[in-house]
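So the chains spell out like this:
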Amino acid sequence: MRVAIIHYWLVGMRGGERVLEQMLRCYPDADIYTHVYDPDAVSAAIRECRVRETFVAKLPMARRHYQKYLAFMPRALEELDLTGYDLVLSSESGPAKGVIAAPDATHVCYCHSPMRYLYDHYPQYRDGLGWLQRTVFSHLAHRMRQWDLASAARVDSFVANSSFIARRIKRVYGREAVVVNPPVDLSLFGRGAPQARSDFYLVVSQLVGYKRVDLAIEAVRGTGRKLVVAGQGEALGALQASAPDNVTFLGGVSTEKLVELYATARALIFPGEEDFGIVPIEALASGCPVVAYGRGGVLDSLQDGVTGVFFAEQTAGALLAALERFEAGSFPAGALQARAHDFSEERFRARFTAAVSAAMERQRSMVTAPLAQIAPPPGLVGAG
């Protein structure tokens, strides 16, 4: 079986690239197609594969400014020749699923999210631009949504990384999706003898507005509770300038330091709404409970009163009340670590290959079934 994996761009190692690594474990002979590829920025597992770029990579300074070539990406995907591939796997967060697979091939899209800057986060992206850029982007986004919706029809089966994203896929594309939560490398966390919990709360996050780190800072203001913030980003300066003395900023930290923080923090605070959220799983694997905003992907991984505490509104007051409720409870480390193992790399591979096999079987049955046995698409019954 020949397999092609389409990944939006390969210029770093984040959650999407970790999923790609596990796809390669499932299908080690797969070819990778991507818009731009920086071998120095990815793992050895990806570098060992055959990676082919679309024509976007030939545009000026594409490896640094690839997102500025968004308008060219639909055409670039459609010009890829995927003849001869039996299985096409698209890894979608940026444009990836719009390829044209062979008629008898099965196309499975693992969707991290429909493109956020076209849908949920569109107002924030648009309003952060200058007037000329905003005018151009508004026109481009409108056309991209039309193409994005049309290209969804080329996918035989969607796999979502969370129930939250499955609902977004249903709303945007009108398609059902199987949920296979992304893999988390648990090998680094929770090893060795348990360490004593300290008295500080922890935030591990990229420091950008929608992560809502400001809520954690405001919740501990004037309370005497210690907060440690690990991460960097464009909002770092503003957050530091407004933070009280009981908040410490560490900037970017090493993996070793992160392991130590998870192992000793009183709890992790997770104040943003995420598509899934790998950081809370890493905390659970370390025996660290989580105080989280109870929306988004964390509803797949966390349970109020068991793995920590939820707060229902993104306000400092709601978070402070959740901290007080957390401090009155008990969260045994063993139960937290057991929950984390439901999201291991091994379980991801088993669930993902099962979802792909089911999609291929459905596609085979459609190809071999007599035309009269194939149900017409919704809305066409009785047409004509």
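Scroll up to find the structure this text is about.
Described below are features of the structure shown in this document. As the structure is a prediction and not an experimental result, all values here were calculated from the model. (Residues numbered from 1 in each chain as written. Predicted model: local features only at pLDDT ≥ 70, side-chain atom pairs only at ≥ 80, totals over all residues. Heavy atoms only, no water.)

Details of the overall build of the protein
Of the regular secondary structure elements, the protein holds 15 helices and 13 strands. Once the C-alpha set of the protein is aligned to its principal axes, its extents read approximately 70 × 50 × 50 Å. Scored against the burial criterion, the 384 residues of the protein give a buried share of 50%. Summarising the internal contacts of the protein: among those between residues at least 6 apart in sequence, 60% fall at separations of at least 24. Total accessible area on the protein is roughly 18,100 Å²; 52% of this is exposed by carbon and sulfur atoms. Of the charged side chains in the protein, 41 are positive and 40 negative; the average position of the first set lies 2 Å away from that of the second. (Helix = DSSP H or I, 4+ residues; strand = E, 2+ residues; numbered from the N terminus. Buried < 20%, exposed > 50% of the residue type's maximum accessible area, 1.4 Å probe, protein only. Contact = heavy atoms within 4.5 Å. Areas by Shrake-Rupley, 256 points an atom, 1.4 Å probe, with all protein chains shown as cover. Lys, Arg positive; Asp, Glu negative; His and termini not counted. Charge placed at Lys NZ, Arg CZ, Asp CG, Glu CD.)

Here we look at the pairing of strand E8 (residues 200-204)
Among the 5 residues in E8, 5 count as buried, and that is most of the element. Of the two faces of E8, the one carrying Phe200, Leu202 and Val204 and the one carrying Tyr201 and Val203 are both buried. Note that E8 and strand E9 (residues 226-230) share 5 bridges and pair parallel. The residue bridging Tyr201 from the neighbouring strand is Leu227, located in E9. For the crossover from E8 across helix H8 (residues 213-220) to E9, the handedness is right-handed. Relative to strand E11 (residues 267-270), E8 runs parallel, the two being bridged by 2 bridges. What sits directly across from Tyr201, in E11, is Ala267. (Pairing = 2+ DSSP bridges. Right-handed = clockwise from strand over helix to strand, strands pointing away.)

Description of the sheet that holds E11
Sheet architecture is open: 6 strands sit in the order E10-E9-E8-E11-E12-E13, paired in parallel fashion. Two strands in the sheet have a free side with no partner beyond their single neighbour: strand E10 (247-251) and strand E13 (308-311). Between one strand and the next, the sheet's axes are offset by a mean angle of 20 degrees, whatever the strand orientation. Sheet analysis places E9 next to E10, joined by 4 bridges and oriented parallel. Paired with Val228 across the bridge in E10 is Thr248. Where H8 meets the sheet, its contacts fall on E8, E9, E10 and E11, and the angle it forms with E9 comes to roughly 160 degrees. Those strands touched by helix H13 (residues 316-327) are E8, E11, strand E12 (290-293) and E13, and its axis lies near 160 degrees from that of E13. (Axes fitted to C-alpha atoms, helices over the stretch in contact; angles between N-to-C directions.)

Digging into the sheet that holds strand E5 (residues 106-111)
In any sheet, the strands associate via hydrogen bonds between backbone groups, in a parallel or an antiparallel arrangement. Reading across from one edge, E3-E2-E1-E4-E5-E6-E7 is the order of the 7 strands in this open sheet, with parallel pairing throughout. If you trace the sheet from one side to the other, it starts and ends with strand E3 (50-53) and strand E7 (177-179), each paired once. Each neighbouring strand pair of the sheet contributes to a mean axis angle of 25 degrees, computed without reference to strand direction. One ladder, built from 4 bridges, connects strand E1 (residues 3-7) with strand E2 (residues 31-34); its direction is parallel. Following the sheet pairing, Ile6 is matched in E2 by Tyr33. Sheet strands in contact with helix H1 (residues 15-26) are E1, E2, strand E4 (87-92) and E5, and its direction is about 175 degrees off that of E1.

Examining the pattern of salt bridges
Under the criterion given, the structure shown has 26 salt bridges. The partner of Arg63 in a salt bridge is Glu53, with the nearest N and O atoms 2.8 Å apart. Of this pair, Arg63 sits in helix H3 (residues 62-65) while Glu53 sits in strand E3; the two residues are 10 residues apart in sequence, bridging distant segments of the chain. For Arg154, the salt bridge identified is with Glu78, shortest N-O distance 2.9 Å. Of this pair, Arg154 sits in the loop between helix H6 (131-152) and strand E6 (157-160) while Glu78 is found in helix H4 (residues 73-78), placing the two residues 76 residues apart along the sequence. Accessibility expressed as a relative area gives 29% for Arg154, which makes it partly exposed. (Salt bridge = Lys/Arg side-chain N within 4 Å of Asp/Glu carboxyl O.)

Thoughts on the nonpolar core
One finds Ile6, Leu82 and Phe158 to be the most contacted residues of the largest nonpolar core, which totals 43 residues. In this structure, Ile6 is in contact with Tyr33, Leu77, Leu82, Val88, Leu89, Ser90, Ser91, Ala96 and Val99, ignoring residues within four places of it in sequence. Leu261, Phe276, Leu302 and Phe343 belong to the second largest nonpolar core, which has 29 residues in total. (Core = buried A, V, L, I, M, F, W, Y, C linked by side-chain atoms within 4.5 Å.)

Quick notes on the environment of Glu274
Along the chain, Glu274 falls in the loop between E11 and helix H11 (278-285). Separated by 109 residues in the primary sequence, Glu274 and Ile165 place their C-alpha atoms 9.7 Å from one another. Every residue in contact with Glu274, bar those within four places of it in the chain, is listed here: Phe164, Tyr210, Lys211, Gly296 and Gly297. Side chain to side chain, Glu274 and Lys211 meet in a polar contact 2.6 Å long. (Polar contact = N/O pair within 3.5 Å; in protein donor to acceptor, adjacent residues only side chain to side chain.)

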